[in-house]
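Read off the chains here:
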Amino acid sequence: MARGKPKAGSAEHRQRFCRGFIDSHLRFEPERLAWPALEPAMLQRLREVPFWQEVLYTEMRAIRIIEAFAPTIPDPLVREAMELMAEEERRHERLVRHLIARYGIVIEAREMPPLPSNIERTFIDFGYGECVDSFLGFGFFRLARESGFLPQEMFDVLEILMGEEVRHVLFFVNWMAWHEAGCGRGAAPLRALTSAWYYARAIGALAGVALRNARHRGNGREFSATQAAGLMQGFTVGRLLEACLEENRRRLDAYDRDLLRPRLLPALARIALGFTGRGGRRIREENRQAF
Ligand SMILES: [Fe+2]
Ligand SMILES: [Fe+2]
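Definitions and limits used
Residues numbered from 1 in each chain as written. Chains lettered and ligands numbered in written order. Predicted model: local features only at pLDDT ≥ 70, side-chain atom pairs only at ≥ 80, totals over all residues. Heavy atoms only, no water. Core = buried A, V, L, I, M, F, W, Y, C linked by side-chain atoms within 4.5 Å. Buried < 20%, exposed > 50% of the residue type's maximum accessible area, 1.4 Å probe, protein only. Helix = DSSP H or I, 4+ residues; strand = E, 2+ residues; numbered from the N terminus. Contact = heavy atoms within 4.5 Å. Salt bridge = Lys/Arg side-chain N within 4 Å of Asp/Glu carboxyl O. Donors = N, O, S within 2.8 Å, 3.2 Å for Na, K, Ca; no water. Tetrahedral: all angles 85-135°; square planar, octahedral: opposite > 155°, others 65-115°. pLDDT = per-residue confidence, 0-100.

Within an unreviewed UniProt entry, the label attached to the protein reads Ferritin-like domain-containing protein, and the organism entered is Methylococcus geothermalis.

Structure representation (structure tokens):
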């Protein structure tokens, strides 16, 4: 049923992004998913992936932030959706812990620093962080799946986690617009400026994580350059950006197309691809449409 785009910040907008999120929630138990048996070479590959510690830590931090923020939300429907998001993040932590235990991945324990006192701002930073992580993560995931780096059955299991993150991003982007409108900052140019500021912070935070991991070499242990090369076979920035754009569009298109979408990163990726000459006219054409 075509209902048209709801006005950002309106009661209909809130109803659509909250209900869309709640109604698309899946029921499953991480431990009962079809985890594949891995032959020794594949098992070794999986264990050498350098970021399991970071993935687990990110999920644990997400839970703490959403659990702290949700009870402060006065609107019952938004709070219900936010509590469901916390439940999904708790399930992500279980999924990652199960993967680590089942395949004997060794990670070092890591301290979880206390949350900053401004929980709303922390949640917003976290939300933009998820937008950046997902945009890049979806592209990496597609390239890794295509390269056959691990058996397809393993990607099928991890796909469930990816599928939930795209719903989180869609919910967050719309919640943010609704929230800003409620604070009298609903004008589109103002929202775009606010987004750009938070995206810059999120990208800065991601760069910090990349630097820290480069120093600690992943999972808190050594990770050799040869292992990294094996993981990134055939990798180019152009291929990655194209995969990011296609995957983000494909995944978001599965949900209510009248809701707001993240726009800054796809626009930046198209500009970057235009500069590298990949996709030429098609990319420039899409770029015009995006603005
Ligand atoms: Fe998650
Ligand atoms: Fe999430």
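From this point, the discussion proceeds with the structure in view.
Give me the lowdown on the nonpolar core, citing residues and values where you can.
Judged by nonpolar contacts, the single largest core of 74 residues is most densely connected at M82, Y103, F123, M154, F171, F172 and W175. At 15 residues, helix α6 (residues 152-182) tops the list of elements feeding residues into this core. If sequence neighbours within four positions are ignored, M82 has contacts with I66, F69, A70, I73, F123, F171 and W175.

Got a sec to walk through the pattern of salt bridges? Specific residues and values, please.
In the structure shown here, the tally under the stated rule is 22 salt bridges. With a shortest N-O distance of 2.9 Å, E246 and R142 are connected by a salt bridge. One end of the pair, E246, is in helix α9 (residues 237-252); the other, R142, is in helix α5 (residues 119-147), and 104 residues separate them in sequence.

An account of the coordination of the iron ion (ligand 2) is requested, with residue identities and associated values reported.
Looking at the metal site, the iron ion (ligand 2) is ligated by E89 (OE), E130 (OE), E165 (OE) and H168 (ND1), spaced 2.0 to 2.2 Å from it. Classification of the site at the iron ion (ligand 2) as irregular follows from its 4 donor atoms and the range of 82 to 152 degrees in their angles at the metal. Read in sequence order, the donor residues coordinating the iron ion (ligand 2) give the pattern E-x40-E-x34-E-x2-H. Taken as a pair, the iron ion (ligand 2) and the iron ion (ligand 1) lie 3.4 Å from each other and share E89 as a ligand.

Please provide a residue-by-residue account of the environment of A68, values included.
Structurally, the position occupied by A68 is in helix α3 (residues 52-69). For A68, a relative accessible area of 33% corresponds to the partly exposed category. The contact partners of A68, leaving out residues within four places of it in the chain, are L115 and I119.

Mind laying out the coordination of the iron ion (ligand 1), listing which residues take part and the relevant values?
Listed as protein donors to the iron ion (ligand 1) are E59 (OE), E89 (OE), H92 (ND1) and E165 (OE); their distances from the metal cover 2.0 to 2.2 Å. With 4 donor atoms in place around the iron ion (ligand 1) and angles of 84 to 140 degrees between them, the coordination shape is irregular. Mapping the donors of the iron ion (ligand 1) onto the primary sequence yields the spacing E-x29-E-x2-H-x72-E.

So what about the confidence of the model for the protein? Which residues, and what values?
Here the protein shows a mean pLDDT of 88. Residues at 70 or above account for 87%. Within the model, the stretch residues 222-226 combines pLDDT values under 50 with 6 contacts to residues more than four positions away or in other chains.

If you had to explain the environment of L265 to someone new, which residues and values would you point to?
Within the secondary structure, L265 is located in helix α10 (residues 264-276). Residues L265 and A196, 69 residues apart in the sequence, show an inter-C-alpha distance of 9.5 Å. Other than its neighbours up to four places away in sequence, L265 contacts C131, V132, F135, Y199 and I203.

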